Amino acid sequence: MEKVVEEVLNRHNNNTSILSVLKDVQEKCRYLPEEAISQVAEGLGVSINEVYEVATFYSFLSTGLLGENVIRICKSTPCFLKSCDVIVETVEKELGIGIGQTTEDNKFSLQLTNCIGACDKAPAMMINDKIYGNLTSEKVIEILKEYK
Amino acid sequence: MPEKRVVLKNCGVIDPKDIESFISNGGFAGLKKAMDMTPSEVIQEIKDSNLRGRGGAGFPTGLKWDFASKAKGDEKYVICNADEGEVGTFKDRVILEEDPFSLIEAVAIASYAIGAKEAFIYLRAEYHYLLENLQNAIDQTKDKGFLDHVNIIIYEGAGAYVCGEETALIESIEGKRGDSRPRPPFPPSEGLWGKPTIVNNVETLMNIPRIMAEGKEWFNSIGTESSKGTKVLSVSGDVNKPGVYEMVMGSSLKELVEDLAGAENVKMVQVGGASGRIVPFENIDTPLTFETVLGAGGVLVFNNTRDVIEMVKKNAEFFEEESCGKCFPCREGTKRMLEILERLTEGTASRIDLEFLEDLSETMALTSLCGLGQAAPNSVVDTMEFYREEYESRVNDKVKV
Ligand SMILES: Cc1cc2nc3c(=O)[nH]c(=O)nc-3n(C[C@H](O)[C@H](O)[C@H](O)COP(=O)(O)O)c2cc1C
Ligand code: FES
């Protein structure tokens, strides 16, 4: 971990963008553990507080451990009108976890999100960077198989 | 008034991965024309076209560019706002998917006009899957020698609606939390790293190459007196054909929602996403212009089976989550607003809650630091006007004040 953060910091030398550094650390470590945050703060010469402020502001950054695959189900109005709650129930049942939780084998984390710009394909969700739309319970079960 | 393809001219027509197909469809004609003019002539052309911003606020684009061009300093920046976080809006996604080259051409023209050597495209994290295509378009354009005057960098967000607000966006590119800044100073005088900066929406920029190629008279011939050109609308909700539709400014909401998108039994429409205004069915003939309803053009359709208060509560929930928390009226106001709406849906609201809701809406609209808090009460205010009886019927007179 220490090495990874050091590498990221080196690649960003002369760059004081806390967000850019954190995005890269998270990509490598999957989340932002406490030690990484202190190391980033020291490396950039800013307070731990300043780094935490950024780390907790953005929904794609996480200070808690995330699973290998992050599922984000859209809950904003257009998806709500297309019964996104059914999709949420299906995923919860399939994975045996609730919103904000991670499976025991660290394979999946489940989150709700606001509009992901796929409302023409509502209900929609993201798994990692990929968008899935026009979801039905059957479709979701098939999609999850690909990741299991 | 009909559909018309200005912004979406190349969408579904060209191969978004191949610059040759873009060029054979008239690509870079606008940039070439601009480069034969002086920067101030380009700005004058955009001013005279009467193009206004498509990101929600409708500010005159040429005027913004003029401020930045006249601001002191050699270092200036162009930022393309591709954060598209407004609920129910996906037009910029379609543009990025299907015609990234026109956007790069537009950024190149804007940079030439204000004298920026560096430009950023702020891409929301949720659109990461579009990055490769967009970078490819930049690389191919560079290889053709069209980007010798400017370096275009894609900067990815990390998930925050408020970062679409231009000053929060600038903070985010600087690597910080996306807290909005008090204004003045406005970005055209002091923006990114304190330097003169223009922030323009994807769709606004898409009009630039067209205007340069076809001329200001042509652009002025489309639309209404004070709303020129077209608007790309994202339609979703209770419709048979959700999707993007590009309409001449001034077209009626009815034509869009019923004739094109195939909505039936419409109860109300929200235009402009969660922060947009509510149009009840009896006003469905409303024309789509800056003066009536528009915003960023997210059009959410609700049919007769929908519960108005439930829908407004969804909006309140959104703002409560997305408030950056910097200013008090928005941070506290969005919380209280959601609580009152929850009481209404749960049947535990007293009569005085309705008065609270009205006062709170007014306070937030007047005193919030940025557009998020200012616009958060819009759907509350509108539905309290048009659907007052639905609010009244939810009041529980047994609840003690
Ligand atoms: C809370 C909030 C969110 C916004 N989100 C966006 C957005 O996602 N995209 C956008 O172009 N403008 C957004 N805006 C408007 C921008 O602040 C700014 O006005 C716009 O990018 C200017 O570009 P334009 O003049 O080309 O419209 C938002 C404004 C507010 C208050
Ligand atoms: S509301 Fe779900 S993608 Fe827009």
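Structure's up top.
Let me sum up the structure you'll find in this document. Fair warning: this is a prediction, and the values are worked out from it, not measured in the lab. What you see as residue numbers is a count from 1 along each chain, following the sequence as written. A letter from A marks each chain and a number from 1 marks each ligand, given out in the order of writing. Where totals are concerned, whole chains, interfaces and linings use all residues; where local detail is concerned, this predicted model gives features only for residues with pLDDT of at least 70, and gives and counts side-chain atom pairs only at 80 or more. As a rule here, side-chain values cover all heavy atoms of the structure and leave hydrogens and water aside.

For the rest of this paragraph, the subject is the overall build of chain B. When you go through chain B residue by residue, the secondary structure sums to 17 helices and nine strands. We take the radius of gyration over the C-alpha atoms and set the globule estimate at 2.2 Å times the residue count to the 0.38 power. Computed over its C-alpha atoms, the radius of gyration of chain B comes to 22 Å, within 12% of the 21 Å expected for a compact globule of 401 residues. When its C-alpha atoms are laid out on the principal axes, chain B stretches across 75 × 45 × 40 Å. At a minimum sequence separation of 6, the contacts of chain B that also span at least 24 residues come to 73%. Surface accessibility in these figures is a Shrake-Rupley result with a 1.4 Å probe; residues are shielded only by whichever protein chains are displayed. When the accessible surface of chain B is summed, it comes to about 14,900 Å², and 49% of that surface belongs to carbon and sulfur atoms. A gap of 2 Å separates the mean positions of the 45 positive and 66 negative side-chain charges of chain B. To qualify as a helix, a DSSP run of H or I must reach at least 4 residues; to qualify as a strand, a run of E must reach at least 2; elements of each kind are numbered from the N terminus. Contacts between residues were defined by any pair of non-hydrogen atoms, one from each residue, lying within 4.5 Å. When charges are counted, Lys and Arg are positive and Asp and Glu negative, with His and the chain ends excluded. The location of each charge is read from NZ of Lys, CZ of Arg, CG of Asp or CD of Glu.

Turning our eyes to something else, we now look at the interface of chain A and chain B. Between chain A and chain B, the residue contacts involve 30 residues of the former and 45 residues of the latter. In this structure, Arg93 of chain B engages Asp120 of chain A in a salt bridge whose closest nitrogen and oxygen atoms are separated by 2.9 Å. Any N or O atom pair separated by 3.5 Å or less is treated as a polar contact, with the protein-specific requirement of one donor-capable and one acceptor-capable atom, and with residues adjacent in sequence counted only for side-chain atom pairs. Counting across the interface, chain A meets chain B through 18 residue pairs in polar contact (both at pLDDT 80 or more). Of all the elements in the fold, those that place two or more residues in the side of chain A that touches chain B are helix 2 (18-29), helix 4 (48-57) and helix 5 (77-81) of chain A. Salt-bridge detection follows one rule: a side-chain nitrogen of Lys or Arg within 4 Å of a carboxyl oxygen of Asp or Glu.

Attention now goes to the site of ligand 1. Residue and element names in this part refer to chain B. Summary of the distance rule: residues count as near a molecule or strand when at least one heavy atom falls within 4 Å of that molecule or strand. The immediate surroundings of ligand 1 are formed by 18 residues, with Gly55, Lys64, Asn200, Asn201 and Thr204 found nearest. Thr204 has a polar side-chain atom sitting 2.7 Å from an oxygen atom of ligand 1. Those elements giving two or more residues to the shell around ligand 1 turn out to be strand 4 (197-201) and helix 15 (371-375). Residue contributions to the shell around ligand 1 peak at three residues, all from strand 4. Looking at the shell around ligand 1, its residues break down into three nonpolar, nine polar and six charged. Basically, the charged four are Asp, Glu, Lys and Arg, the nonpolar ten are Ala, Val, Leu, Ile, Met, Phe, Trp, Tyr, Cys and Pro, and anything else, Gly included, counts as polar.

All names here are of chain B. A strand pair is defined by DSSP finding two or more bridges across the two strands. Pairing is mixed across the open sheet formed by five strands, whose spatial order is 6-5-9-7-8. The two strands at the open ends of the sheet, each matched to only one other strand, are strand 6 (243-248) and strand 8 (277-280). In this sheet, neighbouring strand axes are inclined to one another by 30 degrees on average, regardless of whether the strands run parallel or antiparallel. Two strands pair when backbone bridges link them, and strand 5 (residues 230-237) and strand 9 (residues 298-303) are joined in this way by four bridges, in the parallel orientation. Each bridged residue has a counterpart across the sheet, and for Ser234 the counterpart in strand 9 is Gly298. The convention used is that axes are lines fitted to C-alpha atoms, helices contributing only their stretch in contact, and that angles between N-to-C directions extend from 0 to 180 degrees.

Before going further, it helps to spend a moment on helix 11 (residues 253-260) of chain B. Side chains that are three or four residues apart share a direction in an α-helix, a result of its 3.6 residues per turn. Residues and elements named next belong to chain B. Only protein chains enter the accessibility calculation, which uses a 1.4 Å probe; a residue whose area is less than 20% of its type maximum is buried, one above 50% is exposed, and one in between is partly exposed. Within helix 11, six of the eight residues are buried, which leaves it mostly tucked inside the rest of the structure. Residues of helix 11 that are buried: Leu253, Glu255, Leu256, Val257, Glu258 and Leu260. Looking at the buried positions of helix 11, the neighbouring elements they touch are strand 5, strand 6, strand 7 (266-271), strand 8 and strand 9. Positive backbone phi, at 70 degrees, marks Gly262, one or two positions downstream of helix 11.

All names here are of chain B. Here Gln270 is to be found in strand 7. Taking the relative accessible area as the measure of exposure, Gln270 reaches 1% and is therefore buried. At 3.2 Å, the side chain of Gln270 forms a polar contact with the backbone oxygen of Ala274. Side-chain polar atoms of Gln270 contact the backbone oxygen of Gly276, separated by 3.0 Å.

This part is about the sheet that holds strand 2 (residues 108-113) of chain A. Residue and element names in this part refer to chain A. Across the sheet, which stays open at both edges, the four strands sit in the order 2-1-3-4 with mixed pairing between neighbours. Edge positions in the sheet fall to strand 2 and strand 4 (130-132), since each has one partner strand and no second. Averaged over neighbouring strand pairs, the angle between their axes works out to 20 degrees when direction is ignored. For strand 1 (residues 69-74) and strand 3 (residues 125-127), the ladder comprises three bridges, and the chain directions are antiparallel. Residue pairing across strands places Ile73 opposite Met125, the latter belonging to strand 3. Packed onto the sheet, helix 7 (residues 137-147) meets strand 1, strand 2, strand 3 and strand 4 and runs at close to 15 degrees relative to strand 3.

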